[in-house]
Amino acid sequence: MATDLRLAYADIDEELFDLDQIPVTSRDVRSVGEMLFDVDYLARQLLMDVAGDDAGTLLRSWPTMVAAAEDLWASLPGRRPGVDERDRPITSLAAQASTIESSLSGRKAWPGPGPTNPRVDQMTQTLLNAAALVRRYGAEVPHERTEAHRDLEAARTRIMHGLYLTAHAVNVALHDNGRDRVNDARGSGRRVQLAQHHSPYAIAPTGVWVDRMSACENTARSYLTDRFAQALAGEAIRPVDDPGRLAQALASWDIESHRALARDLEPSNILLITRTQGLIAGASMVLVDAAAAAGILEPSDRLVPAIAEAGRSWSNLASRWGDLAPPGARLEEPLARAAAEVRAAYRQITHDTTTLATPEVIATRRGLPQVTVATLRAIGAGSELAHVIAEKADTPNLTGPARALSRRAHNDVAAGLATPPTEGDVVWVSPADILARRAVTVPQPVREALRSASTATASAASTAASSAMLAHSNGSSHRHAWLSAAENAQHGGHCTPASSPDHGMPCRKSAGIDRSAPVGPLR
């Protein structure tokens, strides 16, 4: 009989459990608390980015998000029988949203039928995922305990705060939409009767929706008044139980970002990629400081400034690609999920409840050596990603929303970021295209500035990558400490004590592959 030359399981066992051999999962492995924090994060990002052209899509998405939030609220354990006073705000908000949905149904007048907002849809799906997780594990929450009760109150506060921010974003978009209508009318010589309440720009057809969304916003605000900071102080902190989580998250992110860039050009995907790279740079600065405080990295005068410059360049590039993303543009779900896990994995290490932890506190956290190596590798990988994105700036026939590109073109020329035209002042985008909210070809000043920003980002990312590689190689004297920490993390089991609010959940190995179950029922 011929000899079987295939490797036995024992021969590959060591490779299978090597920390560098990272298993990649496509499932959402965040806890409920991490999901709620991410909804809050996405709502804040939406509020910063919102524009008048987003008003219609946001309004259509609002009722569905409120319904998902009400579903999660109802699934939280510890509800009292009968009518609970603390449930009145979410019940009232759901009733208001349902009337908005009824008014939108079959409506031909503005905003009429059309797409929903992908970012609000992402928050809605996150809330639905959290509700499913609570239904699966909520029975194991000892809600009668003080610490668990405070954590549940923090969860309700997070839900309502996400709704409050989103309602405010919808209101801002409605006001911006009205202002654009007023400016367009004045530009064409027509007179417009300004509104006398809320804002002069709360004119028809957006004025009635400003009234209704203001009622929703006030309902959410009434719940949060004198409660927000106190409630979040009782939020449970998920312990760093898996030192390999960040490495896995960054590996998945690298894969999904390259897959997205290899497909058709979508500015919305590039916007998410550049923003996430900026977040990685910012979090890496915090971890580098903590690693230096712990003696894991040798002090360097080059590393942090280089990473900081890369982060600024990524953020500047993100703002430019954001101008090219049309309202209602969809994100690729695997890419959005990978970005969310990166945010959650970093926050677990860098934050202390609602605030950024000090370097001294982070230095005491489990798995800092592995986390430091992972984040330095991510900074190194960012250089290649920046060059791939720079190629996209040269794509012919790039298009974007007319109004955003018109403003960007004039601003770039005025700021000296693009070559001024020899013929003097130029109308880069037709007023008719702006009024009709069409997608137009990227004007020459915008394309020129986009290429310059892409080149600057690639250069800054390359400098940061070189500094990260040097810091990594200079830490070779600490290699023994890193390996010892990794071995302890891999072989040392972690169980929560009976006094912990996470008590009752099954323990998991720190380097386990299946991380679909949360560490605790909520956090």
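Residues numbered from 1 in each chain as written. Predicted model: local features only at pLDDT ≥ 70, side-chain atom pairs only at ≥ 80, totals over all residues. Heavy atoms only, no water.

J.: Explain the confidence of the model for the chain to me, and be specific about the residues and the numbers.
T.: Regions with low pLDDT carry predicted coordinates that are not meant to be interpreted in detail. Of all residues in the chain, 85% attain a pLDDT of 70 or more, and the chain-wide mean is 84. Scored below 50 in pLDDT, residues 1-24 shows 15 contacts in the model against residues more than four places distant or in partner chains. Across residues 489-521 the pLDDT falls below 50, and counting only partners more than four positions away or on other chains, this stretch makes 77 contacts in the model. (pLDDT = per-residue confidence, 0-100. Contact = heavy atoms within 4.5 Å.)

J.: I'd like a description of the packing of helix 14 (residues 368-392) against helix 17 (residues 444-474), backed by residues and values.
T.: A pair of packed helices is characterised by two quantities: the angle between their axes and the separation of those axes. At their nearest, the axes of helix 14 and helix 17 sit 8 Å apart, and the two run at 155 degrees to each other. Between helix 14 and helix 17, the interaxial angle falls into the category roughly antiparallel. As for how helix 14 packs across helix 17, the hand of that crossing is left-handed. Taken together, the residues of helix 17 that come into contact with helix 14 (itself represented by V373, L376, I379, G380, G382, S383, A386, H387 and A390) are S454, T457, A458, A461, S462, A464, A465, A468 and H472. Split by residue class, the contact of helix 14 with helix 17 holds 10 nonpolar, eight polar and no charged. (Axes fitted to C-alpha atoms, helices over the stretch in contact; angles between N-to-C directions. Helix = DSSP H or I, 4+ residues; strand = E, 2+ residues; numbered from the N terminus. Parallel < 35°, antiparallel > 145°, perpendicular 65-115°, else oblique. Left-handed = near helix turned anticlockwise from the far one by under 90°. Nonpolar A, V, L, I, M, F, W, Y, C, P; charged D, E, K, R; others polar.)

J.: Explain the environment of A461 residue by residue, including any values.
T.: Here A461 lies in helix 17. Along the sequence, A461 and G311 sit 150 residues apart, while their C-alpha atoms lie 8.4 Å from each other. When neighbours within four sequence positions are excluded, A461 is seen to be in contact with A310, W314, I379, G382, S383 and A386.

J.: How would you summarise the pattern of salt bridges if you had to cite specific residues and measurements?
T.: Working definition: two side chains of opposite charge can pair if their charged atoms are close together. Scanning the entire structure with this criterion turns up 25 salt bridges. With a closest N to O distance of 2.7 Å, E34 and R245 form a salt bridge. Residue E34 is located in helix 2 (residues 32-49), and its partner R245 is located in helix 9 (residues 245-262); the two are separated by 211 residues in the primary sequence. For the residue pair E34 and R245, the accessibility class agrees, reading buried in each case. Put simply, D40 and R44 hold a salt bridge, and the shortest N to O gap is 2.6 Å. Of this pair, D40 and R44 both sit in helix 2, separated by four residues, roughly a single helical turn. (Salt bridge = Lys/Arg side-chain N within 4 Å of Asp/Glu carboxyl O. Buried < 20%, exposed > 50% of the residue type's maximum accessible area, 1.4 Å probe, protein only.)

J.: Account for the packing of aromatic side chains, with residues named and values stated.
T.: What the rule picks out here adds up to one aromatic pair. A centroid spacing of 5.4 Å and a plane angle of 70 degrees characterise the contact between W73 and Y223, whose relative ring orientation is edge-to-face. In this pair, W73 is assigned in helix 3 (residues 55-75) and Y223 in helix 7 (residues 207-224), connecting sequence segments 150 residues apart. Sitting over the ring of Y223, R227 keeps its end group 4.0 Å from the ring centre. (Phe/Tyr/Trp six-rings, centres within 6.5 Å; stacked < 30°, edge-to-face > 60°. Lys NZ or Arg CZ within 6 Å of the ring centre and 35° of its normal.)

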